[in-house]
Amino acid sequence: MSRELSADADGRFYDAGVRAAMAAFAVDGDTRALEAAAALRSATQAVDRLRALGAGGRGLSTGALDVLVRLAAEDGEGLSVGELARSGGVSSRNVTGLVDTLEGDGLVRRVRDTADRRSVRVLLTAEGRAWLEAFRGPTQRAMAAVFRGFTPEDLAVFRHLCLRLVDNQRRLEEHLAGTPAGPPTP
């Protein structure tokens, strides 16, 4: 559902409905962090909807697309389920389900790991590679449209801020789990 956005005195967008709803949760009336979290969620949902449209009705989830993209970047040896899980920041169980779906669609296949007989590797099939190639053009056009008006600097700053948020979340999880959080984020 799309809402009409407003602009503040600096010309920056905000959602008046979100601002009003978040006021009850704000400390000292400052809704900026809460509004930023809501905006991030809305932006993520918008990009996910675009990706789903670009999937050509194949019904591939964002996670499945990420697995395909990660496998396409590999050297032909494939990746283990554990490696896919670590690179995607998700559980092995989650990746196993994604690989099951992708294998059922003929886009990936499992093979025995030559270095460890107890392990399997996941490889992109020729059909998976062709599917990604067909997905590339529409994706490039969609990203150009959704990020229209963003400068290269805007995109670099946006990427940095999103990943800084991810890193802060990781640190918070480590703190709550009682594990060391690593070096501070710049």
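Residues numbered from 1 in each chain as written. Predicted model: local features only at pLDDT ≥ 70, side-chain atom pairs only at ≥ 80, totals over all residues. Heavy atoms only, no water.

Looking now at the overall build of the chain. A tally of helices and strands in the chain yields 7 helices and 4 strands. The helix and strand sequence of the chain, counted from the amino end, reads β-β-α-α-α-α-α-β-β-α-α. The C-alpha atoms of the chain give 20 Å as radius of gyration, which overshoots the globular expectation for 186 residues (16 Å, by more than 25%). Considered along the principal axes of its C-alpha atoms, the chain spans approximately 60 × 45 × 30 Å. The buried share of the chain, taken over its 186 residues, is 24%. Expressed as a percentage of contacts within the chain between residues at least 6 apart in sequence, the contacts between residues at least 24 apart total 37%. (Helix = DSSP H or I, 4+ residues; strand = E, 2+ residues; numbered from the N terminus. Rg over C-alpha atoms; globule rule 2.2 N^0.38 Å. Buried < 20%, exposed > 50% of the residue type's maximum accessible area, 1.4 Å probe, protein only. Contact = heavy atoms within 4.5 Å.)

So, on to the nonpolar core. Counting residues in each nonpolar core, the largest one holds 21 residues, and the members touching the most others are Leu-60, Leu-68, Leu-71, Leu-84, Leu-102, Val-108 and Trp-131. For this core, the elements supplying multiple residues, two or more each, are helix 3 (62-72), helix 4 (81-88), helix 5 (92-104), strand 4 (120-124) and helix 6 (126-146). When residues in this core are grouped by element, the largest group, 5 residues, is from helix 3. Setting aside its immediate chain neighbours within four residues, Leu-84 contacts Val-67, Arg-70, Leu-71, Leu-79, Val-95, Val-99 and Val-122. (Core = buried A, V, L, I, M, F, W, Y, C linked by side-chain atoms within 4.5 Å.)

Attention now moves to the packing of aromatic side chains. For the structure on display, the rule yields 4 aromatic pairs. An angle of 15° between the planes, with centres 5.0 Å apart, marks the rings of Trp-131 and Phe-135 as stacked. In this pair, Trp-131 and Phe-135 both sit in helix 6, 4 residues apart, roughly one turn of the helix. The residues Trp-131 and Phe-135 share a single accessibility class, namely buried. (Phe/Tyr/Trp six-rings, centres within 6.5 Å; stacked < 30°, edge-to-face > 60°.)

Moving on, we come to the environment of Pro-138. Assignment of secondary structure puts Pro-138 in helix 6. For the pair Pro-138 and Leu-50, spaced 88 residues apart in sequence, the C-alpha to C-alpha distance is 9.7 Å.

Attention now goes to unusual backbone geometry. Positive phi, normally seen in glycine, also occurs at Asp-28, with a value near 55°. Among the secondary structure elements, Asp-28 is positioned in the loop between helix 1 (16-22) and helix 2 (32-54). Overall, the relative accessible area of 79% leaves Asp-28 in the exposed class.

Right, let's talk about the pattern of salt bridges for a bit. Scanning the model with the defined rule gives 12 salt bridges in all. Note that Asp-113 is salt-bridged to Arg-121, the shortest N-O span being 3.7 Å. According to the relative accessible area criterion, Asp-113 is buried, its value standing at 12%. (Salt bridge = Lys/Arg side-chain N within 4 Å of Asp/Glu carboxyl O.)

Those residues of helix 4 that sit buried are Val-81, Gly-82, Leu-84 and Ala-85. For helix 4, the arc enclosing every buried residue in end-on projection is 160°, short of the 170-degree limit, so these residues lie on one face. Following helix 4 by one or two positions, Gly-89 has its phi on the positive side, about 70°. (Arc of directions from axis to C-beta.)

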